[in-house]
Amino acid sequence: MAPPTPLLAVRGSEGLYMVNGPPQFTENTSFQRESGKNSKVFAFSKDGSLFAWCNGEQVNIVNVTNHNVLQSFDLPKTVCLEFSPKSNVLVTWQPYTTAKDGAAGIPNLQLFDVKTGECLKSFIQKKMQNWCPCWSDDESICARGVNNELHFFENNDFSTIVNKLHLQKVTDFVLSPGNQPSKVAVYVPGSKGAPSFVRLYEYPKFEGPQSMLANKSFFKADKATMLWNSKATAVLVVASTEVDKTGASYYGEQTLHYIATNGESAVVQLPKNGPIYDVAWNPNATEFCVVYGFMPAKATIFNLKCDSVFDFGTGPHNAAYYSPQGHILVLAGFGNLNGQLDVWDVKNYKLIAKPQAPDSTYFAWCPDGEHIVTATCAPRLRVGNGYKIWHYSGSVLYKYEVEQNTELWQVAWQPFLNGVFPAKPIKYHAVPSKVSNDEPKPGQAYRPPALRNKPVTSSKLHEDEPPQNMRSQSKSDDKPLSKTALKNQRKHEAKKVAKQEARAEGNQESAPAPAMQTVLHNIPPAVTSGDPEVDKKIKNLRKKLKAIEQLKDQAATGKQLEKNQLEKIQKEAALLKELENLELGL
């Protein structure tokens, strides 16, 4: 049986509609286009079977296969929509408002049963941040943050809070993906000199000193982003501050921490200083990619021991996107960068293509792992709106540009469950396409009129570092060194470096010796008198004469001498005469 064709939902000032995915790229006529500019938001269910949107009058749910309307809700101000993982519940959020007399507003967060249309529960949720409750993949657990607590519900029964996790000033949490038992990662920011921390718990074991699976504390964190891997065995935490007090970065400071459910934790050591732009887990859950460092940024893949596996070198990158099957990685540079896409075969670490998608504000892999969509959307950019569908080999298969004075707001692929699209053999040559990719030609650098008739000299602000396979540098059969062995190895290396520096300094000091001998040829050879007072005078005179010769040598090299140094040189003849008289009087 042939795999299904993913749909692409498109929302803009021209309305809301669906486009058939590759290879057709035609509008899906089964879905009735929602014309007008009032479509505020849409969402697919996790398996792609349901589609919900708000048209400014009501929220509708349709079956994607036959496009029959399943439910409609009178919620005209809805701006956020989300389905539960198994599509049993639809969550809607409207901006919170209070009455004119100051009375409390009505609940603005609603949870609806998709099958019956019944409102299961309503909450007051004032902030849009972290507005949506979190479910485990099997929907047996649902969690919601309320003040300093996490409230847990079971089996979509929202009438009773089954469990609570109380932590002072908890600001964020993430439930683990995958099967039971579910785990939860919580973040509590530091205050009054105390560090921030992230803790991992297994539901429902929240009480007692041994309840935590892992704990990691750190300073310099105004906020934290937590990312579970697909197997729920580890969490990556990007801790960041709003302001870099050293003034080195406009983006603040970031650190990356690794926390495993077995209690292990580590700080991921990044070889280059600078911001952390993006972190992405491979869907196979065994490695992750980090894009970091001052531009040109570095991108490196790390394993679960936080050892670097492959270094992609430096380039104009600030984002990383794994394909759903985990076999291809795209390193992209959007925002203030030129939209370069470096497409890599992750298994063989081989570059597949290097196309450019300038002015892109959105990037997403198609669930088939073969195609990509890039889009330029408002309000991020209000000119040149449109989208392109690519094959990962660099070919543009379809291109759509909106008409003048119209805008594109949102595009999204229809999702599918894992396993629907197996990974296919990778193609290293661009697939044929009837659409041309009009990549912008690189503009010439400005040259002053005085230099325009002279040959061009190429110069780079930064030398790009080439890709580097870190696995080949360490033998696979080497055993990891113990702490003592590592300490001894560092001592040995430090001694070796110190010896080399001392040897280099010795060579530098011995090199000018012949020149110094010629400089001091005017000073008579040392003679001892046997009288300690006379010998002391002779020694001081020789010391002064040696200093004068060094000053004369410095003047010969062009160094500007001070007034007192010039006066010393003028006394040379008198000092020589005095030294000669002392030695003749012996």
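Draft legend 1. Summary view of the overall build of the protein chain. Per the secondary structure count, the protein chain includes five helices and 36 strands. For the protein chain, buried positions account for 42% of its 586 residues.

Draft legend 2. Region of interest: the pairing of strand 19 (residues 223-228). A one-sided burial pattern is seen for strand 19, the buried positions being Ala224, Met226 and Trp228 and the unburied ones Lys223, Thr225 and Leu227. In this structure, strand 19 lies alongside strand 20 (residues 234-240), joined through six bridges in antiparallel fashion. Bridging across to strand 20, methionine 226 finds its partner in valine 237. The turn linking strand 19 back onto strand 20 is made up of five residues, and alanine 232 within it adopts a positive phi angle of 60°.

Draft legend 3. Region of the structure containing the packing of aromatic side chains. Tallying each qualifying case throughout the model produces 25 aromatic pairs. The interplanar angle of 85° and the centroid separation of 6.5 Å between the aromatic rings of tryptophan 135 and phenylalanine 158 together place this pair among those described as edge-to-face. Here phenylalanine 158 lies in the loop between strand 13 (149-154) and strand 14 (163-166) and tryptophan 135 lies in strand 11 (residues 134-135), a separation of 23 residues in the sequence. An aromatic cluster is defined as three or more aromatic residues linked by ring pairs; in this entry it consists of Phe31, Phe42, Phe44, Phe51 and Trp53. Taking the ring centre of phenylalanine 123 as reference, the NZ or CZ of arginine 144 above it sits at 4.2 Å.

Draft legend 4. Region of the structure containing the sheet that holds strand 15 (residues 172-175). An order of 15-16-17-18 is seen for the four strands of this open sheet, with the pairing classed as antiparallel. Every interior strand has two partners, whereas the edge strands, strand 15 and strand 18 (212-218), have only one. Pairwise comparison of adjacent strand axes, ignoring direction, gives a mean angle of 15° for this sheet. Where strand 15 lies against strand 16 (residues 183-188), four bridges are found, and the strand directions are antiparallel.

Draft legend 5. Local environment of helix 3 (residues 532-556). Helix length check: helix 3, at 25 residues, gives a terminal C-alpha distance of 36 Å against a target of 36 Å (1.5 Å per residue), a fit within 8%. Listing the buried residues of helix 3 in full gives Val534, Ile538, Leu541, Arg542, Leu545, Ile548, Glu549 and Leu551. Glycine 558 occupies a position one or two residues after helix 3 and carries a positive phi of about 100°.

Draft legend 6. The arrangement of the side chain of glutamine 254 in detail. Within the secondary structure, glutamine 254 sits in strand 21 (residues 254-260). At 3.1 Å, the side chain of glutamine 254 and the backbone nitrogen of isoleucine 276 are in polar contact.

Draft legend 7. Focus on the side chain of serine 176. Tracing the sequence through the fold places serine 176 in the loop between strand 15 and strand 16. Excluding residues within four positions of it along the chain, serine 176 makes contact with Ser182, Lys183, Trp228 and Ala232.

Draft legend 8. Fine view of the pattern of salt bridges. Under the defined criterion, the tally for this structure stands at eight salt bridges. Measuring nitrogen to oxygen at the nearest pair gives 3.0 Å for the salt bridge that ties glutamate 27 to arginine 33. For glutamate 27, a relative accessible area of 35% translates into the label partly exposed. Take arginine 33: its relative accessible area is 34%, and that puts it in the partly exposed class. The shortest N-O distance in the salt bridge between lysine 164 and glutamate 149 comes to 3.9 Å. In this pair, lysine 164 sits in strand 14 while glutamate 149 sits in strand 13, placing the two residues 15 residues apart along the sequence. Connected via shared salt-bridge partners are Glu549, Lys552 and Glu572.

What counts and how
Residues numbered from 1 in each chain as written. Predicted model: local features only at pLDDT ≥ 70, side-chain atom pairs only at ≥ 80, totals over all residues. Heavy atoms only, no water. Helix = DSSP H or I, 4+ residues; strand = E, 2+ residues; numbered from the N terminus. Buried < 20%, exposed > 50% of the residue type's maximum accessible area, 1.4 Å probe, protein only. Pairing = 2+ DSSP bridges. Phe/Tyr/Trp six-rings, centres within 6.5 Å; stacked < 30°, edge-to-face > 60°. Lys NZ or Arg CZ within 6 Å of the ring centre and 35° of its normal. Axes fitted to C-alpha atoms, helices over the stretch in contact; angles between N-to-C directions. Expected span 1.5 Å × (residues − 1). Polar contact = N/O pair within 3.5 Å; in protein donor to acceptor, adjacent residues only side chain to side chain. Contact = heavy atoms within 4.5 Å. Salt bridge = Lys/Arg side-chain N within 4 Å of Asp/Glu carboxyl O.

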